[in-house]
Amino acid sequence: MRIRDWDPNLKVRLYSEAMMNITFWMFFPFLTIYFADEFGKNKAGLLLVFSQLFSVAANLMGGYCADRFGRKRMMVLSAIGQGLSFLAFAAASSPWLHSPWIGFISFAVAGVFGSFYWPASQAMIADVVEEKHRSSVFAIFYTSINIAVVVGPILGSIFYVHYRFQLLLVAGFVCILFGLILAKMIRETAPLQQNSALSSDGKWYYFLLNQLRDYSLIIKDKTFLLFILAGVLAGQTFMQLDLLIPVYIKDFVKNQTLFSVGDWSFTVKAEQVFGIVLAENGLLVALLTVFVTKWMNQYYERNVFVLSSVVYAISIVIFSQTQWIWGLILAMAVFTFAELMGAGLQQSFVSKLAPEHMRGQYFAAASLRFTISRTIAPLAIPLTVWIGYDWTFFVLCILALASAVLYWIMFVHFEKKATITGS
């Protein structure tokens, strides 16, 4: 499906989200190092875990609200909320005020609003795209994000250290502008019957009870529950891209020569090494997502999901065994291939499981594999202090392999359910 044939909503979002994502990735990869320097590894890791607990709750609430109040409304609210949060973060990093605590709180609030955005945005794609084209559309949006992952850190490595205040200020205004663009240029796509608000009795607790009832129905879907659990285990690996990996590189990778020709050589510092491998990840994803998604579409989803987790485990082993820049580049290439294998297929699989009137909630529940992963994943940072880097990487490898086992079990349930339904 060509972009020119897309629904206008998706075209507006594709280009506007690219603008916002590039700005975001100019500073986001460096925040783990910033908080670790300001608070220490132990406290920073625990604080990041604490901040993500709110994102988990917001994610579930966001899915419910996307189904009940509309995709567009939640996306506009989220974008503007993130913008205001980044402006507060900028104020905490301004020439007139230096407050890591205000910065951390602002970062946590921005994460909450981001969790509101995700389920609504994914449900909107499922609303307007036929099932046969969804995996390719999800893959293109994923590619767009990763173009930002290439461009953002490169620009961030130039501007972040000396211009953090200005960078956060720009990010805040860009998010607010994005929210206004969404409010003006896209239409609502949620099924009309789902846009009603609270019940007619007006009781204050109806909203919460209704939400808990709907999510309890989702959790009873064994296939979907196993999908989330497997994703959470795999997520302990891929979430380390902006958590453990930058800290590991900072602690162990010294100045190294990237290229050498005769008397000329190009030497990079640890922070630049991280920028290079992160940009490599984004570049490979930007170039290869659509290609790998089409390739993986030729195979049964079970085999792709399982193999993806196994490849994640292999990449973690390679990371743990090298401090050489080209070894890290190889490890990131393997890591990225694991990421690309399920990039479009997993979102398409969720839309296959979700009833039309509960798409927002299914996508919200599915993204729990990201929000819960991001909640637990920061523990890897203090874990390096408690048991060392080698054992920390070993634990991550085992978790990735465990996720492969769960994916296999999930498809056993899925096939049984399909057989019963078909009969």
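This one's a predicted model, so the numbers in the text were calculated from it and none came from an experiment. (Residues numbered from 1 in each chain as written. Predicted model: local features only at pLDDT ≥ 70, side-chain atom pairs only at ≥ 80, totals over all residues. Heavy atoms only, no water.)

Novice: Would you mind going over the overall build of the protein chain with me for this structure?
Specialist: A count of helical and extended segments in the protein chain gives 17 helices and two strands. For the protein chain, with 423 residues in total, the buried portion stands at 57%. Contacts in the protein chain between residues far apart in sequence, at least 24 positions, make up 86% of those at least 6 positions apart. Summed over all atoms, the accessible surface of the protein chain reaches about 18400 Å², with 69% contributed by carbon and sulfur. (Helix = DSSP H or I, 4+ residues; strand = E, 2+ residues; numbered from the N terminus. Buried < 20%, exposed > 50% of the residue type's maximum accessible area, 1.4 Å probe, protein only. Contact = heavy atoms within 4.5 Å. Areas by Shrake-Rupley, 256 points an atom, 1.4 Å probe, with all protein chains shown as cover.)

Novice: What's the story with the environment of Pro153 in this structure? I'm lost.
Specialist: For Pro153, the position within the fold is in helix 6 (residues 131-185). Judged by relative accessible area, Pro153 falls into the buried class, the value being 1%. For the pair Pro153 and Phe274, spaced 121 residues apart in sequence, the C-alpha to C-alpha distance is 9.4 Å. What Pro153 contacts, discounting residues up to four positions off in sequence, is Trp25, Pro29, Phe30, Ala148 and Leu278.

Novice: Just to check I follow, could you spell out helix 1 (residues 8-25) for this structure?
Specialist: An α-helix turns once every 3.6 residues. As a result, residues three or four positions apart point the same way. Here helix 1 is 18 residues long and its end C-alpha atoms lie 26 Å apart, about the 26 Å a rise of 1.5 Å per residue gives. When helix 1 is considered as a whole, its buried residues turn out to be Asn9, Leu10, Val12, Arg13, Leu14, Ser16, Glu17, Met20, Asn21, Thr23 and Trp25. You can read the cap of helix 1 off the contacts: a side-chain oxygen lies 2.8 Å from the backbone nitrogen of Asn9, and it is on Asp7. (Expected span 1.5 Å × (residues − 1). Polar contact = N/O pair within 3.5 Å; in protein donor to acceptor, adjacent residues only side chain to side chain.)

Novice: Looking at this structure, I do not really get the confidence of the model for the protein chain. What am I missing?
Specialist: Should pLDDT be low for a region, the predicted coordinates there are not to be read in detail. Model confidence for the protein chain is summarised by a mean pLDDT of 80, while 89% of its residues fall at 70 or above. The low-confidence segment residues 193-202 (pLDDT under 50) makes 17 contacts with residues lying over four places distant or belonging to another chain. (pLDDT = per-residue confidence, 0-100.)

Novice: I'm lost on the nonpolar core in this one. Help?
Specialist: Generally speaking, a soluble globular protein has its nonpolar side chains buried in company with each other. In this structure, Leu31, Phe35, Phe224, Phe227, Ile249 and Phe305 are the most contacted members of the largest nonpolar core, which totals 126 residues. Contact partners of Phe227, with chain neighbours within four places excluded, come to Phe305, Gln346, Phe349, Val350, Ala366, Arg369, Tyr407 and Met410. (Core = buried A, V, L, I, M, F, W, Y, C linked by side-chain atoms within 4.5 Å.)

Novice: Explanation requested: the packing of helix 3 (residues 41-69) against helix 5 (residues 100-128) in the structure shown.
Specialist: A packed helix pair is summarised by two numbers, namely the angle formed by the two axes and the spacing between the axes. Between helix 3 and helix 5, the shortest axis-to-axis distance is 7 Å and the interhelical angle comes to 30°. Taken together, the axis directions place helix 3 and helix 5 in an arrangement best described as roughly parallel. Crossing angle aside, the handedness with which helix 3 passes helix 5 is right-handed. On the side of helix 3, the interface is formed by Lys43, Leu47, Leu48, Ser51, Phe54, Ser55, Ala58, Asn59, Met61, Gly62, Gly63 and Ala66, while helix 5 contributes Trp101, Phe104, Phe107, Ala108, Gly111, Val112, Ser115, Phe116, Pro119 and Ala120. Its residues assigned to classes, the contact of helix 3 with helix 5 shows 14 nonpolar, seven polar and one charged. (Axes fitted to C-alpha atoms, helices over the stretch in contact; angles between N-to-C directions. Parallel < 35°, antiparallel > 145°, perpendicular 65-115°, else oblique. Left-handed = near helix turned anticlockwise from the far one by under 90°. Nonpolar A, V, L, I, M, F, W, Y, C, P; charged D, E, K, R; others polar.)

Novice: Explain the packing of aromatic side chains to me, please; I cannot follow it from the model alone.
Specialist: For any pair of aromatic rings, geometry is given as the distance between the ring centres together with the angle between the planes. Throughout the structure, instances matching the rule amount to 28 aromatic pairs. Taking the centre distance of 6.0 Å and the plane angle of 50° together, the rings of Tyr117 and Phe178 count as tilted. Of this pair, Tyr117 sits in helix 5 while Phe178 sits in helix 6; the two residues are 61 residues apart in sequence, bridging distant segments of the chain. (Phe/Tyr/Trp six-rings, centres within 6.5 Å; stacked < 30°, edge-to-face > 60°.)

Novice: Teacher, can you tell me more about the pattern of salt bridges here?
Specialist: Opposite charge on two side chains permits pairing when their charged atoms draw close. Applying the stated criterion across every chain yields a total of four salt bridges. Asp7 is paired through a salt bridge with Arg187; the nearest N and O atoms lie 2.7 Å apart. Here Arg187 lies in the loop between helix 6 and helix 7 (206-219) and Asp7 lies in the segment before helix 1, a separation of 180 residues in the sequence. Overall, Asp7 belongs to the buried group, its relative accessible area being 16%. Between Arg13 and Glu17 there is a salt bridge, and its shortest N-O distance comes to 2.8 Å. Of this pair, Arg13 and Glu17 both sit in helix 1, separated by four residues, roughly a single helical turn. Using a relative accessible area of 1% as the deciding quantity, one classes Arg13 as buried. (Salt bridge = Lys/Arg side-chain N within 4 Å of Asp/Glu carboxyl O.)

Novice: Is there a simple way to think about the side chain of Thr223 in this case?
Specialist: Relative to the helices and strands, Thr223 is located in helix 8 (residues 222-238). Thr223 has contacts with Phe349, Leu353, Met410, His413 and Phe414, leaving out every residue within four places of it along the chain.

Novice: Where do I start with the environment of Tyr64 in this structure?
Specialist: Relative to the assigned elements, Tyr64 resides in helix 3. Residue classification places Tyr64 among the buried positions, given a relative accessible area of 1%. A C-alpha to C-alpha distance of 9.1 Å links Tyr64 and Tyr362, two positions 298 residues apart in sequence.

Novice: When you look at the environment of Tyr300 in this model, what are you seeing that I'm missing?
Specialist: Mapped onto the elements, Tyr300 comes out in the loop between helix 10 (270-296) and helix 11 (301-320). Under the relative-accessibility criterion, Tyr300 is labelled partly exposed at 33%. Not counting chain neighbours up to four residues away, the residues in contact with Tyr300 comprise Phe411 and Glu415.

Novice: Even after reading the chapter, I still don't get a nonpolar patch on the surface, so can you show me in this structure?
Specialist: Among the surface-exposed residues, Val385, Trp386, Ile387, Trp391, Phe394, Val395, Ile398 and Leu401 lie close enough to one another that they form a single nonpolar patch of about 780 Å² accessible area. Elements that contribute at least two residues to the nonpolar patch include exactly helix 16 (380-386) and helix 17 (389-422). Here the nonpolar patch gets five residues from one element, more than from any other, and that element is helix 17. (Patch = residues over 30% accessible without salt bridge, like charges linked within 9 Å, V, L, I, M, F, W, Y side chains within 5 Å.)

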